[in-house]
Amino acid sequence: MSDPDRDPGLPPGDPEDAPIVTCSRCDREWNLEYELEELRAGNRALEQFALDHQRHTGHYPDDTSPWLATCRHCPAGEAFLAERPARRGAETHARHTHHGVTLEHASTDEDENEMEASETIIEPDTE
Ligand SMILES: [Zn+2]
Ligand SMILES: [Zn+2]
């Protein structure tokens, strides 16, 4: 009898699954095992790593295009690696402070001329 839900090629919880991040600017690559095991960052391991990398080097690693939620009224601002948490962060700030928050996504392409930026404004709920 074989279980169709089980892929025999992938044992569950294999630590080899830790994602690899590369940065062509630093010409380095990192294994995120530390973030997964020590920080228990889980799904946010890559995001955590990318934000730390930006904080220390001023740029993001390869294949990461941050979403920036920036308040238009106060210095609050946060960076996220996915639209959903970024939007949630912006909406939460707007709800609590009645501030409008700009949500920006810069897709960093190899070709800098192709750099696209999209911008959304999260307006506070005025009810
Ligand atoms: Zn780098
Ligand atoms: Zn604000």
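Residues numbered from 1 in each chain as written. Chains lettered and ligands numbered in written order. Predicted model: local features only at pLDDT ≥ 70, side-chain atom pairs only at ≥ 80, totals over all residues.

**Student:** Can you help me understand the overall build of the protein chain in this one?
**Tutor:** A count of helical and extended segments in the protein chain gives three helices and six strands. Secondary structure elements of the protein chain occur, N-terminal to C-terminal, as β-β-α-α-β-β-α-β-β. Evaluated residue by residue, the protein chain yields a buried proportion of 15% over its 127 residues. Pairs at least 24 apart in sequence give 38% of the contacts found in the protein chain among residues at least 6 apart. (Helix = DSSP H or I, 4+ residues; strand = E, 2+ residues; numbered from the N terminus. Buried ≥ 20, exposed ≤ 12 C-beta atoms within 10 Å, placed from the backbone. Contact = placed C-beta atoms within 7 Å.)

**Student:** Just to check I follow, could you spell out unusual backbone geometry for this structure?
**Tutor:** Only a minority of non-glycine residues have a phi that is not negative, and only a minority of peptide bonds are not trans. Even without being a glycine, D27 presents a positive backbone phi close to 55°. Inspection of the secondary structure puts D27 in the loop between β1 (20-23) and β2 (28-31). In the Ramachandran plot, D63 falls in the positive-phi region, its phi being about 60° despite a non-glycine side chain. Tracing the sequence through the fold places D63 in the loop between α2 (45-57) and β3 (67-71).

**Student:** Please clarify how helix α3 (residues 83-97) should be interpreted in this entry.
**Tutor:** Given 3.6 residues per helical turn, the α-helix brings residues three or four places apart onto the same face. Across its 15 residues, α3 extends 21 Å between first and last C-alpha, which sits within 8% of the 21 Å expected from 1.5 Å per residue. Turning to α3, its buried residues number three or more, namely A86, G89, A90, H93 and A94. The buried side chains of α3 occupy one side of the element, clustering within an arc of 130° when seen end-on. Along α3, the residues that are exposed and aim more than 90 degrees away from the buried face are R84, R95 and H96. Count one or two residues on from α3 and you reach H98, which has phi positive near 60°. (Expected span 1.5 Å × (residues − 1). Arc of directions from axis to C-beta.)

**Student:** I keep staring at α2 and nothing clicks. Help me out?
**Tutor:** Between its first and last C-alpha, α2 extends 18 Å over 13 residues, near the 18 Å set by a 1.5 Å rise per residue. All buried positions along α2 are accounted for by A45, F49 and A50. One side of α2 carries all its buried residues, which in axial view fall inside an arc of 130°. Those residues of α2 that are buried are in contact with β1, β2 and α1 (33-37). Phi for G58, located one or two positions after α2, is positive at around 85°.

**Student:** When you look at the nonpolar core in this model, what are you seeing that I'm missing?
**Tutor:** Core analysis: the largest hydrophobic core is formed by nine residues, namely W67, A69, F80, A86, A90, A94, V101, L103 and I122. For this core, the secondary structure elements donating two or more residues are β3, α3 and β5 (101-107). When residues of this core are assigned to their parent elements, the largest contribution, three residues, is made by α3. Contacts of A69, omitting those with residues within four sequence positions, involve G77, E78, F80, A86, G89, A90, V101 and L103. Formed by five residues, the second largest nonpolar core is a distinct cluster that contains A45, F49, A50 and Y60. (Core = buried A, V, L, I, M, F, W, Y, C linked by C-beta atoms within 7 Å.)

**Student:** Got a minute to help me understand the pairing of β3 in this structure?
**Tutor:** Each regular strand carries side chains that alternate between the two faces of the sheet. Note that β3 and strand β4 (residues 77-80) share four bridges and pair antiparallel. Residue pairing for β4: T70 is matched across the bridge by G77. Counting the residues that bridge the hairpin from β3 to β4 gives five residues. (Pairing = 2+ DSSP bridges.)

**Student:** Honestly, the environment of T70 in this entry has me stumped. Any pointers?
**Tutor:** Here T70 lies in strand β3. C-alpha of T70 to C-alpha of A90: the two residues are 20 residues apart in sequence and 7.7 Å apart in space. Residue contacts for T70: discarding those within four places in its chain leaves G77, V101, T102 and E104.

Limitation: the analysis is restricted to geometry and does not speak to function.
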